[in-house]
Amino acid sequence: MKLLLHACCGPCSLEPVRLLAEAGHEVTLAFMNANIQPADEYARRRDTLAAWAGAAGIPVVEGASDPTLWEAAVAPALAGPRQERCRACYRLRFEEVARVGAEGGFEAVSTTLSISPYQLTGVIAEELGRAAAAQGLACVFEDFRPFYPEATRRSRALGMYRQNFCGCRPSADEAAAERAERRRARKEGAGA
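All of the points below concern the structure found in this document. All values reported here derive from a predicted model rather than from experimental measurement.

## Regarding the overall build of the chain
Okay, so step 1: A tally of helices and strands in the chain yields seven helices and five strands.
Okay, so step 2: Shown N-terminal to C-terminal, the secondary structure of the chain runs as helices and strands in the order β-α-β-α-β-α-α-β-α-β-α-α.
Okay, so step 3: Against the compact-globule benchmark of 16 Å for 192 residues, the chain has a radius of gyration of 17 Å, which places it among compact chains.
Okay, so step 4: Burial statistics for the chain: of 192 residues in total, 46% are counted as buried.
Okay, so step 5: Pairs at least 24 apart in sequence give 73% of the contacts found in the chain among residues at least 6 apart.
Okay, so step 6: Only carbon and sulfur atoms are counted for the fraction: they give 55% of the accessible area of the chain, which is about 9,100 Å².
Okay, so step 7: Computed over 24 positive and 24 negative side-chain charges, the inter-centroid distance for the chain is 6 Å.

## Observations concerning the nonpolar core
Looking at soluble globular proteins, one finds that nonpolar side chains tend to be buried together.
Okay, so step 1: Core analysis: the biggest nonpolar cluster contains 43 residues, and L29 and W52 have the highest contact counts within it.
Okay, so step 2: Elements with a minimum of two residues in this core: β1 (2–6), α1 (10–22), β2 (26–31), α2 (39–56), α4 (82–103), β4 (108–111) and α5 (121–134).
Okay, so step 3: Counting residues per element, this core draws most heavily on α4, at six residues.
Okay, so step 4: If we ignore the near neighbours within four places in the chain, the residues touching L29 are L4, L5, A7, S13, V17, L49, W52, A53, I58, P59, V60 and V61.
Okay, so step 5: Among the nonpolar cores identified, the runner-up in size contains six residues, and A34, W70, V74 and L92 belong to it.

## Quick look at the environment of G63
Okay, so step 1: In this structure, G63 sits in the loop between β3 (60–62) and α3 (67–78).
Okay, so step 2: Here the alpha-carbon distance between G63 and Y161, two residues 98 residues apart in the chain, equals 21 Å.
Okay, so step 3: Non-local contacts of G63, meaning those with residues more than four positions away in its chain, are made with F31, M32, Y42 and E96.

Scoring rules and cut-offs
- Residues numbered from 1 in each chain as written.
- Predicted model: local features only at pLDDT ≥ 70, side-chain atom pairs only at ≥ 80, totals over all residues.
- Heavy atoms only, no water.
- Helix = DSSP H or I, 4+ residues; strand = E, 2+ residues; numbered from the N terminus.
- Rg over C-alpha atoms; globule rule 2.2 N^0.38 Å.
- Buried < 20%, exposed > 50% of the residue type's maximum accessible area, 1.4 Å probe, protein only.
- Contact = heavy atoms within 4.5 Å.
- Areas by Shrake-Rupley, 256 points an atom, 1.4 Å probe, with all protein chains shown as cover.
- Lys, Arg positive; Asp, Glu negative; His and termini not counted.
- Charge placed at Lys NZ, Arg CZ, Asp CG, Glu CD.
- Core = buried A, V, L, I, M, F, W, Y, C linked by side-chain atoms within 4.5 Å.

Here's what the structure looks like:
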C-alpha cells in the first residue's frame, strides 16, 4: 500500500518506517509541522529527517511552514487543557497530510507521533482517522510506543539531533518548567 507517513522528526521516524515497510507499505515521509517553532528548530528537525531519509532512500515531502496558520488554528484551545491544544494541532497537521496524500495518489496515511510516550495516542488515532476518512484514504494507525526505547537507542547511535519538547511554543515552555522543577528537586535532595 502506498502510504504517506506524517513525521515529526528523524528519531521518531526510525521505528515506524521500519515496521511499516516490513508490513509491506511503500512509505513516503511527510514533514508537515507548522507547530514547530522557532524557525531554527523547525529547520534542524527537518534537516535531520531529510539527511537520514535521503541516506535510507526514503522520499520526503514537506508542507508549508506557517506558524501564523498554526497559531490561528490552535488559539481557541490555548487557554484550555493541553488535550484540546494538542487535538487542534493534530487536526491541522493531519488534514494537510491527508489532503497531500489524496492529491498525490496515496492510498493511506499514518503518523510517527504515536511513538512518543508524551503524546496523546487516543487523540492521535481519532484525528488521523477523521482526516483520512474525509479524503477517502485508509488510516493506518499503530501505537508505536513499545518501540520508543529502540528508536531512542538507534537515534543516539546515528548521532541524530534529539529535541526535548514537542515543537510548539507552549510545549517548549512546559518542558523548560519541568526541567527547572527536576533541577530544583535534585538540588534540595542533595542539600538534605
